[in-house]
Amino acid sequence: MNTVTATLAQVPPAAAYLIVVAAVLAESVLLIGAFVPSFTVLMAAGALARAGHLHLGLVILTAAGAVAAGDLLGQRTGRALGARLRTGRLGRRLPAAAWRRADTLMDRRGGQAVFIARFLPVLRTLVPHLAGATGLPYRRIAAHSLAAAPLWATIEAGIGYAATASLQHAVSLGAPALAVTAVAVIAAPVAWKKLRQRRRRAPLPVRARPASRCARPGKAVTRAGGRPRRSRSPRRSPRPAGPWSRSAR
């Protein structure tokens, strides 16, 4: 970020605003947009606004305008390349069911997807193209794009504006913490998988069946002294003598 900040500080303010616009617009270009450091540029512009070299309001305004123009450009590009995106080298790797789900998602929640994707790297480049490729008109995503643009620009430029003095200290502390978190996230599934494999390989303990209290007729039952005895079947009670019995006759 120091290099970007030094570059923006050495040029006139008008040129610095143009660099911000160019960086945000370049992020909306397919394939190369994921490699454009728009977040770094906006943070540097916010830091220069804190130093008095630029105006924070103009930085946010120019960045928001570039976002809206970039979403429009991405939607038009995706609409023009809709068939090619599906039949191209990358598009053929996706099954037809995935494209049908994308069509359904864009038809139902295309505007919300554009709004949320603005705050996620890489996705903010792909989603407007996907909206155009699925045939979603720009008027369906225009309101969400215009609402997300100033909010996104304010957050990213505001971070640089507020963290100018302690930016280097935050980066020096955040890098080791980020590395430890990444290692923990990667190692946790591996450790859990090995633990499950060990549990599966371990023999299960054999449990003895508890002796039944009620034995069936004819089965041997052990007494308290250790001598077996046979359980007797219950005697049936005699039937009462009726008028048609032999004794009555």
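**Q** I tried to follow the overall build of the protein on my own but got confused; where do I start?
**A** Of the regular secondary structure elements, the protein holds 9 helices and 2 strands. Order of helices (α) and strands (β) in the protein, N terminus to C terminus: α-α-α-α-α-α-α-α-α-β-β. Each of the 249 residues in the protein was classed as buried or not, and the buried ones make up 27%. Intrachain contacts of the protein at a sequence separation of at least 6 include 74% that bridge at least 24 residues. Carbon together with sulfur atoms contributes 62% to the accessible area of the protein, which is approximately 17,800 Å² in total.

**Q** It is not clear to me how the packing of helix α2 (residues 13–27) against helix α4 (residues 56–80) should be interpreted in this structure. Could you clarify?
**A** Packed helices, taken two at a time, are described by the angle their axes make and the gap between the axes. Two numbers describe how α2 lies on α4: the axes approach to 8 Å, and their chain directions differ by 30°. With respect to each other, α2 and α4 are oriented roughly parallel. Both α2 and α4 take part in a crossing whose hand is right-handed. Across from Y17, V20, V21, V24 and L25 in α2, the residues of α4 making contact are L58, V59, T62, A63, A66, V67, A69 and G70. When the residues that make up the contact of α2 with α4 are grouped by side-chain class, the tally is 11 nonpolar, 2 polar and no charged.

**Q** Help me understand the packing of helix α3 (residues 38–51) against helix α8 (residues 142–162) in this model?
**A** With their axes 6 Å apart at the nearest point, α3 and α8 run at an angle of 55° to one another. In terms of their interaxial angle, α3 and α8 are classed as oblique. For the crossing formed where α3 meets α8, the hand is right-handed. Taking contact as the criterion, the partners of S38, F39, L42, M43, G46, A47, A49 and R50 in α3 are, on α8, W152, E156, A157, I159, G160, Y161 and A162.

Rules used throughout
Residues numbered from 1 in each chain as written. Predicted model: local features only at pLDDT ≥ 70, side-chain atom pairs only at ≥ 80, totals over all residues. Heavy atoms only, no water. Helix = DSSP H or I, 4+ residues; strand = E, 2+ residues; numbered from the N terminus. Buried < 20%, exposed > 50% of the residue type's maximum accessible area, 1.4 Å probe, protein only. Contact = heavy atoms within 4.5 Å. Areas by Shrake-Rupley, 256 points an atom, 1.4 Å probe, with all protein chains shown as cover. Axes fitted to C-alpha atoms, helices over the stretch in contact; angles between N-to-C directions. Parallel < 35°, antiparallel > 145°, perpendicular 65-115°, else oblique. Left-handed = near helix turned anticlockwise from the far one by under 90°. Nonpolar A, V, L, I, M, F, W, Y, C, P; charged D, E, K, R; others polar.

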